[in-house]
Each structure stands twice: as C-alpha cells, then as structure tokens.
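Structure assessment
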Amino acid sequence: MLSAPFVSLLLFIISATSTLATEVLQTANANDVKSVCIIGSGIGGSSLAYFLRQYSADPSSPTVGDIRMFERNRVVGGRMAMVSIAGDTFEAGASILHPKNFHTLNFTKLLNLRINEPSSSSFSLGIWDGTRFNFKTLDTSSEFPLFQKLVSLVNSFRIIYRYGFSLFKMDNFVKSTVDNFLKYYSDFGSRPVFESVEKMLKWAGLYELTCRTLQEELVDAGLSPLLISELVTVITRINYGQSVSMSGLAGAVALAGSGGGLWSVEGGNWQIPAGLINHSDVTLHLDEEIDSISYLGDYYKLNSTKGNSYTCQVTVVATPLDELNIWFYPPVSIPERKLQHTYTTFVRGLLNPAYFGLHSASEIPELVGTTETPNLPFSCIAVLKKYTEVDMAYKLFSREPMTDELLDLLFSVRKETLRIDWGAYPHYTSPEVFAPFVLDGLHLYYINAFENAASTMETSAVAAENIARLILSKFSGQPPSSSSDLKGSTSVASASDEEGRHFEL
Ligand SMILES: Cc1cc2nc3c(=O)[nH]c(=O)nc-3n(C[C@H](O)[C@H](O)[C@H](O)COP(=O)(O)OP(=O)(O)OC[C@H]3O[C@@H](n4cnc5c(N)ncnc54)[C@H](O)[C@@H]3O)c2cc1C
C-alpha cells in the first residue's frame, strides 16, 4: 500500500491538471474499501478474503485495501484440522466433500492440491441398535477385485431388498435439494446479492425445508418408516450427531454427504484455507483472539486479548458466535442457537467382538452406525486404517464424552486414545431461525448466520461469496438487488440496550 502523504500529493497534482480527473479519482477513492478485518481463519474467513480480492479486481468494482485476519489458534483452518495417532495423520473435523461442491473443487484446482479420489471399493456397514445389529452388509475386503465387486453387488441387492423403492425416493429428495443448491453458482446477472439468509434460501427454493423436520419431509416424500429409522438415522447421526428431528435442509445435506463420489484433499483439507490465505494478500494474526468490536463512527475498533487494537472500515465475523465471549459496542442481538457438541475419539487398537455379541473382531463391520436408542453411548465407529487384522485405527463420534470405562468395554486392545470436543455445528431445529448477515445494519457482517441452513465447508464458502458481493455492492453505492430483511427475530438490538455482550453471553 502507498503511504497516506504520498496519496495526498498525488491527488493534488492531478487536481492541478484536470478537475474532471480529480472528480473521478475522488469518487473512486470514496467508494474503495480501505480495510477489512476478518475474525476466523476457517474456510469461511479464507474464502471471503479470496472472493474479495477476486471480485475487486474487476475495474468496475471498488478496490479492497488491507485485509487482516485474526485467528485465536496457532494454526489456520478451524474445523478443518488433522490429528496424529500412532504415527499416522487423519482428518479430525471436516473430512469429506461432495462432488458438486464447486467452490472447494475450484479452490483445490487453483491451489494445485491433490485430491484423494473417491474409493471404488465399498466398506461393510452394520446398523447397531444397542443390543444387536439390525442389518449388516458383507465384508467386501478381499485381495481379488472380482470377488470384491461381486460382494459389493450382493450388498447392493441386500440393501434394496430391505428398504425397497423408498431408496429411490430418498435419492430423488436429495437430488432435488442439491439441484436447488446449485443455483448459488449461477452468474451475477441471474443471481442477486442477498442481505439475509432467509432471502438467500427462499431464492433457491430451500427455505421451506428449514421450516419442517427431516422426518416430516421424508414421510411426505413417501419413504418407509424402516428406512427413516435405520439408514437415514444412521446418516444424520454420523454427519450431524442428530436425529431425523433436525431441519429438513440440514438433513438433506447430511444425506447428500453419504452418496458416491465423495472426495478430500490429499494431506488434509486444511490446506484449502491455508492456500487461500496465502493467495489473497492477507495480513494474518495467528494466536490472537479478538475480544471486543466497537463501532466508532467511520470505523470499527477491534481489541485482542494480547492488548492490541486494530481499526477497520469493515469487520466480518467468520466463526459461530454461540460459544464466544466477544463484546460488541453498540450491542448486537442474534437468536439463541445451541451448538451440537460432537466428541471425536480416535483409538489405535482392536474393537472387542464380545461387546457386539460376536466371536471375532473380523465380524465387526468397518462402519458401525447406530439408531436413535436411549443410552446408546456412541453415534458411530469407523475403521480408519487396518494395520493388521488385530491392529487398527478407529474414529468414534458420540454426543457425550467417551469415558475410559466405556472404551475399555468397547475395545479389547487400546494402545493409544485421543479425544476432541468439537462445538461442531448448530443443533438444528424446525422452524429454523436465522441471525442477520449484517449484524449492525452497517459494515459488521456475520458469515456463520448461514450455518443454521447447513454446516459444511462448501456452505461456508457459498455464504462467504455472498458476503463478499454484499460488501462490494454496498461500497459501490448500488443497493444489493435483494433488499434488507432484518426484521423480526433477526432484529438488530438498539444501542441503548443495557447489555453490551452478545445475546448468548
Ligand atoms: C467433527 C466434524 C466433522 C465434520 N465433517 C464435515 C464433513 O465431512 N464435510 C463438511 O463439508 N463439513 C464437515 N463439518 C463441518 C465443517 O467443519 C464446518 O462447517 C466448516 O469447517 C466451518 O468453517 P468456518 O470457517 O465457518 O468455521 P471454523 O472452521 O470454525 O473457523 C472459525 C475460526 O475462527 C477462530 N476464532 C473463533 N473465535 C475467534 C476470536 N474471537 N478471535 C480470533 N479467532 C477466532 C476459530 O479458532 C476458528 O479457527 C464437520 C465438522 C465437525 C466438527
């Protein structure tokens, strides 16, 4: 960036030579976004930085000056993170991407990252109800590819035999939701800039799905009770740790995340946010937590727990506010939202067949999914890697922490254990209520308002792309083509409110 005195001198010289030129320049400067502060270095914050740089490169767009990003951790990526267990690394948080996640696919190409191609071999699945396996597919692992294919085919027939035509109805439900979501990739000419999550969802035909539960949607779509209480429940418990009482939209996204063609980034998905930050000329403040945001007229002042202060014309919150302690002045208000905690436990060892009423560990399916049974202590257990027949790496999801006593019942061998407590995603309800994208009606934005629709890497990128357009459209002096919708439950608190803290704090 040029220094301020130098810019003034430049303007003076231009003024002396051409009044018209001065007017043009002054107009351009007045419209420029001088500084943007982003709180959070996950896929939301990093995509925002990328799209701001990308879109502001257009000559008709306001330019964007400094972008500062604050991350309270020592590494970037947020819920895209790796863990190491017994010498191997695995995804600890967000692990799979859908083949139609076009922003993340494009980022991966742009950053020359390699993709773990979707595996052609399937895995064995068991549906555990706490006392027995209601359903089990056959183990497909074999040295012989032909045998593998045959078993895989038999498994498909077994699944179709159990759930019948309902499976195709489920597929149609997911396809139509994905098709509507694809509208968010259409060009600017046909896609408005959205000032609220509600408008964004209504435009794509997705809003209604947030007003009803997944169960209601699937019953209306003609799915059998057996499919809903077994396979669908297994999937919602794996992907969001929740039951089919979750909202229809988040439920559809969970189901989409169990289809074919899923992919991930070789070496870890966190490389996407890391690469975008490097690519986007961002000043990154690692290990620096923002604890207050005040609006002081023309700019926001951000204070960090390190005692530093920063000023920015635009501030973007790229993290869920629900469990944070950020002080806002003037205060802002958002609807109360609970996060679903997902306890992720990694174990190197061997599952205990006796726990499942089996004779040998080889009879335990590679993925054990579960039904909604009271007191069932885990949502799923998956084999991550088979070292030998008696030595494997596993990942467990549960709604409560897994105690040592419980793990000792579940595992006959446990060489290493690692636990993570994620404030993972919203606990989805219906009808869903949304926080505003613009928290104060000015230049304080909230990307994760969109997480109440669904929480994925791609939905964060889609929300960030819209916020980038919203910021630039406000500075260009053109009102966004979709008008503000900050009424009702998403209202902005008045500055006279006594409480300075975020609603939930
Ligand atoms: C266990 C698990 C499994 C998942 N599986 C998948 C999956 O397979 N596929 C998928 O697409 N999605 C998955 N998700 C969801 C996905 O991880 C999230 O939707 C997505 O990563 C959210 O990105 P984000 O940038 O919005 O937020 P985050 O990744 O949470 O980033 C926010 C960042 O802000 C930082 N921060 C917070 N407060 C402050 C502060 N005051 N100052 C500075 N920094 C701050 C945080 O440290 C964090 O790094 C999963 C999530 C979990 C937890």
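Before reading further, recall that the structure is shown in the block above.
About the thresholds
- Residues numbered from 1 in each chain as written.
- Predicted model: local features only at pLDDT ≥ 70, side-chain atom pairs only at ≥ 80, totals over all residues.
- Helix = DSSP H or I, 4+ residues; strand = E, 2+ residues; numbered from the N terminus.
- Contact = placed C-beta atoms within 7 Å.
- Axes fitted to C-alpha atoms, helices over the stretch in contact; angles between N-to-C directions.
- Parallel < 35°, antiparallel > 145°, perpendicular 65-115°, else oblique.
- Left-handed = near helix turned anticlockwise from the far one by under 90°.
- Near = placed C-beta within 6 Å.
- Pairing = 2+ DSSP bridges.
- Buried ≥ 20, exposed ≤ 12 C-beta atoms within 10 Å, placed from the backbone.

A short note on the overall build of the chain
The helix and strand tally for the chain stands at 13 helices and 20 strands. Looking at the chain alone, contacts between residues at least 24 apart form 74% of all its contacts between residues at least 6 apart.

Some thoughts on the environment of Lys-415
With respect to the secondary-structure elements, Lys-415 resides in strand E19 (residues 411–426). A sequence separation of 22 residues divides Lys-415 from Ala-393, and the C-alpha atoms of the two residues are 9.9 Å apart. Those residues in contact with Lys-415 that lie beyond four places of it in its chain are Ala-86, Arg-348 and Gly-349.

Some details on the packing of helix H3 (residues 43–56) against helix H13 (residues 457–475)
Orientation of H3 relative to H13, taken along the N-to-C sense of each, is 40°, at an axis distance of 8 Å. Relative to H13, the element H3 lies oblique. For the element pair H3 and H13, the recorded crossing hand is right-handed. Residues Ile-43, Gly-44, Ser-47, Leu-48, Phe-51, Leu-52, Tyr-55 and Ser-56 of H3 lie in contact with H13, whose contacting residues are Met-457, Ser-460, Ala-461, Ala-463, Ala-464, Glu-465, Ile-467, Ala-468, Arg-469, Ile-471 and Leu-472.

Thoughts on the site of the ligand
Taken together, 36 residues sit near the ligand, with Gly-40, Gly-42, Gly-78, Ala-94 and Thr-456 positioned nearest. For the shell around the ligand, the secondary structure elements donating two or more residues are H3, strand E15 (339–351), E19 and H13.

Structural notes on the sheet that holds strand E7 (residues 133–136)
If you trace the 7 strands from one edge of the open sheet to the other, you get E7-E6-E16-E17-E18-E15-E19, paired in mixed fashion. Looking at strand neighbours, the two that pair on one side only are E7 and E19, the edges of this open sheet. Taking each pair of neighbouring strands and ignoring which way they run, the sheet shows an average axis angle of 15°. Across 7 bridges, E15 lies against strand E18 (residues 391–398) in antiparallel orientation. Across the sheet, the residue bridging to Arg-348 is Ala-393, located in E18. Each of strand E6 (125–128), E7, E15, strand E16 (367–370), strand E17 (380–388), E18 and E19 is contacted by helix H9 (residues 225–240), which is oriented at about 105° to E16, the strand it contacts most.

What about unusual backbone geometry?
Note the cis peptide between Tyr-329 and Pro-330, where omega equals -10°. With respect to the helices and strands, Pro-330 occurs in the loop between strand E14 (327–329) and E15. Of note, the amide linkage connecting Ser-430 to Pro-431 takes the cis form, showing an omega dihedral of -5°. Along the chain, Pro-431 turns up in the loop between E19 and strand E20 (444–446). Of note in this structure, Ala-86 is not a glycine but carries a positive phi near 45°. Its place among the elements puts Ala-86 in the loop between strand E3 (82–85) and strand E4 (88–91). Take Ala-86: there are 15 C-beta atoms within 10 Å of it, and that puts it in the partly exposed class. Phi angles above zero are rare outside glycine, and Asn-112 is one such case at about 55°. Relative to the assigned elements, Asn-112 resides in the loop between helix H4 (102–110) and strand E5 (115–116). Look at Asn-112 and you get exposed, because 7 C-beta atoms sit within 10 Å.

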